[in-house]
Amino acid sequence: LGVSIGGASPEASADKATRIILQTNFQIMAYTQPEASTLVVGMLSLFATLRCRLPNLVVGDLTRSSVKACVERGIRVDQIKHFLRTHVDDPATLPSNVLDQISLWAGEDHRLLSRAGSLLTLPSAPVYDLARTSLLDRFGPDVIHWRDDARFRLFVDDRDDHAPEALVRGLMRAR
């Protein structure tokens, strides 16, 4: 499927058995030849909500839910865009607002990650380096969620009753 959604290269589709018009209001119209109709309808239904199907015309809408469902099935945004670019007369006519929105919809579930943890501000570079090394040695790479090397700050995971934070506090008392 990953190969097929891309469709043929623009050179190979010069005969334009299928021609797509994508409007700024997210409506998509595909003019097809009867022999290509089933394939095109199947491809469009992967990422668009189809509203009308006639012998030589398919009309649908790109919606948030249809694009997200497509991405959840493993189809990449660049594959959707490639399919659209391949089947329009002039790729420059694809509305940029629609192409941008497809990317935004696909990335909605990956914008923010919430993790419980503690922000530790350390007094100096040697203490910072010692704390970072000790945390990685004892708890592994997943314990540090974020770090600021210039300001000697670490955001560490809250696991095992704040054990990472307690380790760093113990190192600071020992110095």
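Above this text sits the structure in question.
The shown structure was predicted, so the numbers you read here are calculated from the model rather than taken from an experiment. (Residues numbered from 1 in each chain as written. Predicted model: local features only at pLDDT ≥ 70, side-chain atom pairs only at ≥ 80, totals over all residues. Heavy atoms only, no water.)

(A) Seen up close, the sheet that holds strand S4 (residues 57-61). One open sheet holds the four strands; their spatial order is S1-S2-S4-S3, and the pairing between them is antiparallel. Looking along the sheet, the strands with just one partner apiece sit at the ends: strand S1 (18-22) and strand S3 (49-54). Ignoring strand direction, the axes of neighbouring strands in this sheet form an average angle of 15 degrees. Here S1 runs beside strand S2 (residues 27-32); their pairing, made up of five bridges, is antiparallel. Paired with Leu 22 across the strands is Ile 28, a residue of S2. Sitting on the sheet, helix H1 (residues 34-47) touches S1, S2, S3 and S4, and the angle it makes with S2 is about 160 degrees. (Pairing = 2+ DSSP bridges. Helix = DSSP H or I, 4+ residues; strand = E, 2+ residues; numbered from the N terminus. Axes fitted to C-alpha atoms, helices over the stretch in contact; angles between N-to-C directions. Contact = heavy atoms within 4.5 Å.)

(B) Quick peek at the nonpolar core. Formed by 29 residues in total, the largest nonpolar core has its most connected members in Ile 20, Ile 28, Leu 44, Phe 47, Leu 62, Leu 84 and Ile 102. Elements supplying a minimum of two residues to this core: S1, S2, H1, helix H2 (64-72), helix H3 (77-86) and helix H4 (96-106). Filtering out sequence-adjacent residues up to four positions away, Leu 44 remains in contact with Ile 20, Ile 28, Ala 30, Leu 50, Val 58 and Phe 83. Judged by nonpolar contacts, the second largest core, of 15 residues, contains Leu 122, Leu 135, Val 143 and Val 156. (Core = buried A, V, L, I, M, F, W, Y, C linked by side-chain atoms within 4.5 Å. Buried < 20%, exposed > 50% of the residue type's maximum accessible area, 1.4 Å probe, protein only.)

(C) Looking closely at the sheet that holds strand S6 (residues 144-148). Read across the sheet, three strands follow the order S5-S7-S6 without closing on themselves; strand pairing throughout is antiparallel. Of all strands in the sheet, those with a lone pairing partner are strand S5 (117-121) and S6, marking the two edges. Between one strand axis and the next, the sheet turns by 15 degrees as a mean value, whatever way the strands run. Along the sheet face, helix H6 (residues 163-174) touches S5 and strand S7 (153-157) and points at about 15 degrees away from the line of S5.

(D) Summary view of the pairing of S7. Bridging between S5 and S7 involves five bridges; their strand directions are antiparallel. What sits directly across from Leu 120, in S7, is Leu 154. Where S6 lies against S7, four bridges are found, and the strand directions are antiparallel. Paired with Ile 144 across the bridge in S7 is Val 156.

(E) Quick look at the pattern of salt bridges. Tallied over the full model, the rule gives ten salt bridges. In this structure, the salt-bridge partner of Asp 89 is Arg 19, at a minimum N-O distance of 2.9 Å. Of this pair, Asp 89 sits in the loop between H3 and H4 while Arg 19 sits in strand S1, placing them 70 residues apart in sequence. By relative accessible area, which is 53% here, Asp 89 ends up exposed. Judged by its relative accessible area of 32%, Arg 19 falls in the partly exposed class. With a closest N to O distance of 3.3 Å, Asp 148 and Arg 153 form a salt bridge. (Salt bridge = Lys/Arg side-chain N within 4 Å of Asp/Glu carboxyl O.)

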